[in-house]
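So you can see what is in the structure, the chains are spelled out below.
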Amino acid sequence: MITRVFLDHPRKVDESYFEHFAFAMSFAGALLLAGCAALVHALIPALFENTAGNIVLKLHGKIVNRGR
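Being a predicted model, the structure only gives us computed values, none of them experimental.

**Notes on the packing of aromatic side chains**
Turning to step 1, where the next piece is worked out: Evaluation of the coordinates by the stated rule reveals four aromatic pairs.
Turning to step 2, where the next piece is worked out: When the ring of Y17 is compared with that of F21, the centres are 6.4 Å apart and the planes differ by 25°; the resulting orientation is stacked. Of the two residues, Y17 and F21 both sit in helix α3 (residues 17–43), four residues apart, roughly one turn of that helix.
Turning to step 3, where the next piece is worked out: Take Y17: its relative accessible area is 31%, and that puts it in the partly exposed class.
Turning to step 4, where the next piece is worked out: Its relative accessible area of 43% is what places F21 among the partly exposed residues.
Turning to step 5, where the next piece is worked out: One aromatic cluster is present, built from ring pairs that chain together F6, Y17, F18 and F21.
Turning to step 6, where the next piece is worked out: Here R66 stacks its cationic end above the ring of F23, 3.9 Å away from the centre of that ring.

So this is what it looks like as structure tokens:
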């Protein structure tokens, strides 16, 4: 059960648990930042016009090129 819950997925993407943890945490932080930028942009459209989109594109690139 422990292996299935904590180790199976990281192994599928050729990472250790801690490598996967670091990657996922950096991803979460970037998504949080993008969400905050989008929220500010919603309130004041002149601010952060491209920030959230640029972050999402950068994250997409990280996922597509992961393990290559």
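Now that the structure has been shown, the text picks up again.
**A few points about the nonpolar core**
Turning to step 1, where the next piece is worked out: Residues F23, F27, A30, A34, A52, I55 and L59 constitute the largest nonpolar core, which totals seven residues.
Turning to step 2, where the next piece is worked out: Every element with two or more residues in this core is listed here: α3 and α4 (51–64).
Turning to step 3, where the next piece is worked out: Considering every element that reaches this core, the biggest residue donor is α3, with four residues.
Turning to step 4, where the next piece is worked out: The contacts of I55, once residues within four sequence positions are left out, are A30, L33 and A34.

The rules we used
- Residues numbered from 1 in each chain as written.
- Predicted model: local features only at pLDDT ≥ 70, side-chain atom pairs only at ≥ 80, totals over all residues.
- Heavy atoms only, no water.
- Phe/Tyr/Trp six-rings, centres within 6.5 Å; stacked < 30°, edge-to-face > 60°.
- Helix = DSSP H or I, 4+ residues; strand = E, 2+ residues; numbered from the N terminus.
- Buried < 20%, exposed > 50% of the residue type's maximum accessible area, 1.4 Å probe, protein only.
- Lys NZ or Arg CZ within 6 Å of the ring centre and 35° of its normal.
- Core = buried A, V, L, I, M, F, W, Y, C linked by side-chain atoms within 4.5 Å.
- Contact = heavy atoms within 4.5 Å.

On their own, these measurements won't tell you what the molecule is for.
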